[in-house]
Amino acid sequence: MLGLNKKDTRFLLIVIALTLLTPILLQPFPEGSALAQFNAGYPDLMQRFAIFGIFAIGFNILFGLTGYLSFGHAAFLGIGSYATVWMYKLLNFNVLPGLVLAVICSGLFAVVIGYISLRRSGIYFSILTLAFAEMSYRLAYSVLTPLTNGETGLQVYSIDPQILLREGGHTATHIFGLEMALSWQPEVFGRLYTFNVGYYFCGIIAIAAFYLSMRIFRSPFGLMLRAIKTNQTRLNYTGLNARPYTLAAFVISGMYAGLAGGLLAAMDPLAGAERMVWTESGAVVLMTILGGAGTLLGPVLGAGFIKYFENIFSKINEGILHDWFSGLPEGLANALIWFFDHFVGAGWHLTLGLLFMAVVIFLPGGLVEGGQKILGLFRRRNTETSDDDGKKPGKSSQAAE
Amino acid sequence: MDAILLQILNGLDKGSAYALIALGLTLIFGTLGVVNFAHGALFMVGAFCAVSLQKLLNLSFEVIDPTKKDFLGNPLKVKSPYVESWFGPETGAAIIDWSVPLAIIFAIPIMLLIGFAMERGLIKHFYKRAHADQILVTFGLAIVMQEIIKHYYGANPIQTPAPEMFKGSLDFGVLIGFDPNLIIYPYWRLVYFLFAVFIIGGVFAFLQFTTFGMVVRAGMADRETVGLLGIDIDRRFTLMFGLAGVVAGLAGVMYGPILAPNYHMGMDFLVLSFVVVVVGGMGSLPGAVAAGFLLGILQSFASMNEVKAIFPGIDQIIIYLIAIVVLLTRPRGLMGRKGVMEE
């Protein structure tokens, strides 16, 4: 189906099903129970899963396939956001023109930045992209203030032209009249499910983005990108010029980042320069590595993992820790609270840093490789007895491709 | 003329910091072949050594002074630092006043220890892995160090004042025959520049004139051959990592009075220092130092109003712009050796 073989089709269908069912799957604990704080089924977070999933999928096309480590992808995210908000300011709150412009703008910037940066490889490429991203960030804060509104961040004001906005038209972001903030909240078995337009909008785009990346992975073009990662010198000796391929990968991943930035602005009509700081570029590298660079599902997993734990860990404070350890003897409880206090709340970044180091040191293939290793152990044990684990092993071995 | 001179002076202190950090980065890259993204964090930890020492010296106990009353008529509690009671009030106050320079002594063993621990515990396992992996793991380490500092010292900058003696400014113009008040330069920045020159000179002398330094230089040129000669080059390289940590740490200690230390100052300096290293030439020590000062001075020229009027925003991006031009036209950097990391 759709130019995929049977295995890939099944894999894509599973991903589609998971995406569509996310509001249900992420709400496993009843409202009001002690575990309700681990629920993640609210729109804002789910939108972030999808958006940063797209960002990471795009980054993976560059880093995972060609091995070029860009430290400046956040610049494209920022450009996408600015472009989208400008479309709101000029036309109206329909997100579609904004997203199109976001992809085009970030694509153009990616052509320029990529053309220059890709003349070097290895660490020089990383530093060049970093330099470009820092330049964009600094310019957005200083000289480009008329375009970016500087530190305040770009937003829509009532004096903006908005030429397509009719009397009584929508004053929030929408797609052809369907507002992003709209939600349907049925309560089933004590669980409150939220089906949000914005999430499904991002989710469907994410599925499309995932499908595209799958096609790229399986195409001759994807194979060429992998060849560049494996041994570029040898590729050059065969008479092939690698640069058009790397540039194409760079532009595609830049456009993905721009799309993600546009979607961020589609969910919340704001754009700020802080989206372009180089630590944000580091964050997407982190997501990709954590999930598994060079795998299809890895980046999405990594993005979801980081955004989920960011949300959960930042919410936990000392009070909640006291609740958890209240059953223990006081000295022990205090020691544990003191210890865990480093890692939760504002200390979430510490956990993230440690996790990141641990993944790079022990599990360079990321979560996908980890999952495969565990499944491998599991399967070896089961070979003599009956071995029918259903869809799961198939899914992750596919994902590892 | 005076404006140009003033900008050169202004660029010197920032340039000194860039040069010191870039020197450490280059030492690590040249000896161990590791790209250390955590080097900025070492600079930051150094600055917080000064903060810690200042806090330690200010540890106080309270005494009730019966002769003074507060506004409610109760006896006033006076805080008096332990140092003052141990060394007498005058010596004690002087020690507290000089806490930043004293922190140098305090920081050296700490930075050495951190450097050794980093190299033996983490970096050692990454010699054989790709540069991308090295960047990533040290980036993670930088986040960890920065967050630990943030947890214990908070997110706000902490003032670390210079000793009373160095507060105020030197009227530099008068010394060389300009009118007074034209070229004013704070004393502490002068101290910082001289300190940086001293440290840089020390490192170069160490590498140039000691047997140890000779072995290290030989190892930088050809590690394998030195190893074949029966010299334990790894141990010396570990020491060099510690030394690079100390250089970055001391740069941070002394920078406190110029910029109040905060937890992300390391990250801010790191990006620029990397650019400096690349401009100077990966693996070239004189290149790193020269590029550090050069970029520092160029940056301060770019922030002149006359220049900004022609190229708006140039002060923000000049360093990156130069780096891009250098990388594209002369990839090995200003003083890089031919063939080293020219890809």
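The rules we used
Residues numbered from 1 in each chain as written. Chains lettered and ligands numbered in written order. Predicted model: local features only at pLDDT ≥ 70, side-chain atom pairs only at ≥ 80, totals over all residues. Helix = DSSP H or I, 4+ residues; strand = E, 2+ residues; numbered from the N terminus. Rg over C-alpha atoms; globule rule 2.2 N^0.38 Å. Contact = placed C-beta atoms within 7 Å. Axes fitted to C-alpha atoms, helices over the stretch in contact; angles between N-to-C directions. Parallel < 35°, antiparallel > 145°, perpendicular 65-115°, else oblique. Left-handed = near helix turned anticlockwise from the far one by under 90°. Nonpolar A, V, L, I, M, F, W, Y, C, P; charged D, E, K, R; others polar. Buried ≥ 20, exposed ≤ 12 C-beta atoms within 10 Å, placed from the backbone. Expected span 1.5 Å × (residues − 1). Core = buried A, V, L, I, M, F, W, Y, C linked by C-beta atoms within 7 Å. pLDDT = per-residue confidence, 0-100.

From N to C terminus, chain A includes 17 helices and 8 strands. For 401 residues, the compact-globule estimate of 2.2 N^0.38 gives 21 Å, and the C-alpha radius of gyration of chain A, at 22 Å, lies within 12% of that figure. Seen through its principal axes, chain A has C-alpha atoms that stretch 60 × 60 × 45 Å.

With that settled, consider the overall build of chain B. For chain B, the count of helices and strands is 15 helices and 4 strands. Taking 2.2 N^0.38 as the reference for a compact globule, 343 residues should give roughly 20 Å; the C-alpha atoms of chain B span a radius of gyration of 22 Å, in line with that estimate. In terms of its C-alpha atoms, chain B occupies a principal-axis envelope of roughly 75 × 50 × 35 Å. When contacts within chain B are restricted to residue pairs at least 6 apart in sequence, those whose partners lie at least 24 apart make up 73%.

This paragraph deals with the packing of helix H5 (residues 122–141) of chain A against helix H12 (residues 265–280) of chain B. Their axes nearest at 11 Å, the elements H5 of chain A and H12 of chain B cross at an angle of 130°. Considering the angle they form, H5 of chain A stands oblique to H12 of chain B. At the point where H5 of chain A passes H12 of chain B, the crossing takes the left-handed sense. Contacts between H5 of chain A and H12 of chain B involve Tyr124, Ile127, Leu130, Ala131 and Glu134 of chain A from the former and Val271, Phe274, Val275 and Val278 of chain B from the latter. The class makeup of the residues in the contact of H5 of chain A with H12 of chain B is 8 nonpolar, no polar and 1 charged.

Facing the 31 residues of chain B at the interface are 36 residues of chain A. Sorting the residues of the side of chain B that touches chain A by element identifies helix H6 (131–153), H12 and helix H15 (314–329) of chain B as the ones contributing at least two each. Sort the elements by how many residues they give to the side of chain B that touches chain A and H6 of chain B lands first, with 14 residues. Its residues assigned to classes, the side of chain B that touches chain A comprises 23 nonpolar, 5 polar and 3 charged.

All names here are of chain B. Turning to its location among the elements, Gly177 is positioned in the loop between helix H7 (172–175) and strand S4 (184–186). For Gly177, a count of 6 C-beta atoms within 10 Å gives the class exposed. Sequence-wise, Gly177 and Arg236 are 59 residues apart; in three dimensions their C-alpha atoms are separated by 49 Å.

Along its 15 residues, helix H15 (residues 348–362) of chain A runs 21 Å from first to last C-alpha, staying within 8% of the 21 Å computed at 1.5 Å per residue. The complete set of buried residues in H15 of chain A reads Trp348, Leu350, Leu352, Gly353, Phe356, Val359 and Val360 of chain A.

The subject of this paragraph is the nonpolar core. In terms of nonpolar packing, the biggest core is built from 214 residues, with Ile54, Phe55 and Ala260 of chain A together with Leu23, Val247, Val275 and Ala323 of chain B touching the most fellow members. For Ile54 of chain A, the residues in contact, after removing those within four places along its chain, are Ile205, Ala206, Ala209, Tyr256, Leu259, Ala260 and Leu263 of chain A.

For chain A, per-residue confidence averages 82 on the pLDDT scale, and 94% of positions sit at 70 or higher. The least confident element of chain A is helix H17 (residues 391–399) of chain A, whose mean pLDDT is 40; the most confident is helix H10 (residues 243–267) of chain A, at 91.

With that settled, the discussion passes to the confidence of the model for chain B. Fine structural detail should not be taken from predicted coordinates in areas where pLDDT scores are low. Residue and element names in this part refer to chain B. Per-residue confidence for chain B averages 83 on the pLDDT scale, and 97% of its residues sit at or above 70. Per-residue pLDDT, averaged within each element of chain B, yields its smallest value for H7 (71) and its largest for helix H8 (residues 187–209) (90). In the model output, the complex is listed with pTM 0.83 alongside ipTM 0.78.

All names here are of chain A. For the pair helix H2 (residues 43–66) and helix H7 (residues 197–218), interaxial distance at closest approach is 9 Å and the crossing angle is 20°. Our classification of the angle between H2 and H7 gives roughly parallel. In the packing of H2 onto H7, the handedness of the crossing is left-handed. For the pair formed by H2 and H7, the contact residues are Pro43, Met46, Gln47, Ala50, Ile51, Gly53, Ile54, Ile57 and Ile61 on the first element and Gly198, Tyr199, Cys202, Gly203, Ile205, Ala206, Ala209, Phe210, Ser213 and Ile216 on the second. When its residues are assigned to classes, the contact of H2 with H7 shows 14 nonpolar, 5 polar and no charged.

Moving on: the environment of Phe217 of chain A. Along the chain, the position of Phe217 of chain A falls in helix H7. Phe217 of chain A sits 152 residues away from Leu65 of chain A along the chain, and the two C-alpha atoms are 8.1 Å apart.

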